[in-house]
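Summary of the model geometry
Read off the chains here:
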Amino acid sequence: MTTFLIIFVLVLVAIAIWQMTKILELSKLKTEDSQVANDKDNRYNGYLLFAFLIFIYGITIFSFYKYSKVLLPEAASEHGGEYDYLMLVSFIIIFFVQTITQALLHYFGYKYKGEKGKKALFFADNDRLEFIWTIIPVIVLAGLILWGLYTWTSIMDINDEDDPLIVELYAQQFNWTARYGGADNVLGGSNVRMIDIDRANVLGLDEADPNASDDIIVKELHLPVGRKVNFKMRSQDVLHSAYMPHFRAQMNCVPGMTTEFSFTPTITTAEMRLNPDVVDKVKRTNKIRAERAANGKDNTDPWEFDYILLCNKICGKSHYNMQMKIIVESQEEYEAWIKGQQTFSQTMASME
Ligand SMILES: [Cu+2]
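Residues numbered from 1 in each chain as written. Predicted model: local features only at pLDDT ≥ 70, side-chain atom pairs only at ≥ 80, totals over all residues. Heavy atoms only, no water.

On to the sheet that holds strand 9 (residues 307–311). A sheet is described by the order of its strands in space; here 5 strands give the open sequence 4-10-9-6-7, paired in mixed fashion. For this open sheet the edge positions go to strand 4 (221–224) and strand 7 (249–253), each flanked by a neighbour on one side alone. Within the sheet, the average angular offset between the axes of one strand and its neighbour, ignoring direction, is 20°. Strand direction decides the pairing type here: strand 6 (residues 240–244) and strand 7, joined by 5 bridges, are antiparallel. Bridge pairing in strand 7 places Ala 242 opposite Met 251. (Pairing = 2+ DSSP bridges. Helix = DSSP H or I, 4+ residues; strand = E, 2+ residues; numbered from the N terminus. Axes fitted to C-alpha atoms, helices over the stretch in contact; angles between N-to-C directions.)

The structure is reproduced here in structure tokens:
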């Protein structure tokens, strides 16, 4: 980043010097030097166009080479594959059109550069040409939009089929809390007005609601692999956004209402840790951390991959650190873990 800034400043200084020499030249009032572009100037600008074309192609190839590895690994949810495919096809189309139109734009800019004695060909309209360049984008864009709408509708179809696990994600500045429905898989009623920090009722559960007594409140989200999860999101204070990038899931958490998202995790945490992209990323990160350790800096503990729930709305000064670990595991492991958690009524009883 520092290198980039230095280069940027040097470029700005160079431009300033160039502009100053131009002003000096102008101030000499050389009357024979006309400001009207001649053939040589036009040719020069034509070559600059080609140079710019090579620059944008070059930087594209460089970015692919250098930054492809920072993309997310394979989707870990059922709908994620569909979502990624839609995005890939959109990108391929945009990339293909961009590459060709830029080449044409710069080539014709060069070909029809100003020359002494050359007259511009001009026609007011061409119905066939206009038809072609209107109908092709219309068909392609309509196709993408319809496909996108169809995919969106199927992802956002939140229903109670296939016995989904019900989980509440509760957002507040600056942390997440998760709540399971307990043995009955039904979340008890809740309201921010019933929050009672002194008695550990941090989510404002209705103590009189029998559905609430077996609810389980945790700070780490465990999900059994292959089981659909219906998330109910709430926020205590401001807008937050529950973002689970590895599952291609995101939903705003809005104070005063409950929002929903649903997905089925398909890859356990243990399996994802063996994914080549993830292995690679862990290796790169730990190399940086080892270097930091060697230089006596902090934040040097070796990192192990975990799924994560992040806040994706800038909700305040500690927004960047608003996260919760997600663990996807087998049904047996999940059951063993949930059995070890206290229910809401147990927590309340222990406070009496
Ligand atoms: Cu937030």
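That was the structure; now back to the text.
Further remarks concern the side chain of Arg 179. You can see Arg 179 is positioned in strand 2 (residues 175–180). Reaching out from Arg 179, the side chain makes a polar contact with the backbone oxygen of Gly 188 at a distance of 3.0 Å. Here Arg 179 is in contact with Ile 166, Val 167, Glu 168, Leu 187, Gly 188, Ser 190, Leu 203, Leu 205, Asp 215, Ile 216, Ile 217 and Arg 234, once residues within four sequence places are set aside. (Polar contact = N/O pair within 3.5 Å; in protein donor to acceptor, adjacent residues only side chain to side chain. Contact = heavy atoms within 4.5 Å.)

Here the structure, examined in full by the defined rule, presents 17 aromatic pairs. Look at Tyr 107 and Phe 108: their rings are 5.3 Å apart centre to centre, the planes differ by 65°, and that puts the pair in the edge-to-face class. Judged by relative accessible area, which is 38%, Tyr 107 ranks as partly exposed. Among the aromatic residues, ring-to-ring pairing joins Phe 231, Phe 247, Phe 263, Trp 303, Phe 305 and Tyr 307 into one connected group. (Phe/Tyr/Trp six-rings, centres within 6.5 Å; stacked < 30°, edge-to-face > 60°. Buried < 20%, exposed > 50% of the residue type's maximum accessible area, 1.4 Å probe, protein only.)

With that out of the way, let us pick up the coordination of the copper ion. For the copper ion, every protein donor is listed as His 240 (ND1), Cys 311 (SG), Cys 315 (SG) and Met 322 (SD), and the spread of their distances is 2.1 to 2.7 Å. Taken together, the 4 donor atoms coordinating the copper ion and their angles of 92 to 123° define a geometry best described as tetrahedral. Counting residues between consecutive donors of the copper ion along the chain gives the motif H-x70-C-x3-C-x6-M. An identical accessibility class is assigned to Cys 315 and Met 322; each is buried. (Donors = N, O, S within 2.8 Å, 3.2 Å for Na, K, Ca; no water. Tetrahedral: all angles 85-135°; square planar, octahedral: opposite > 155°, others 65-115°.)

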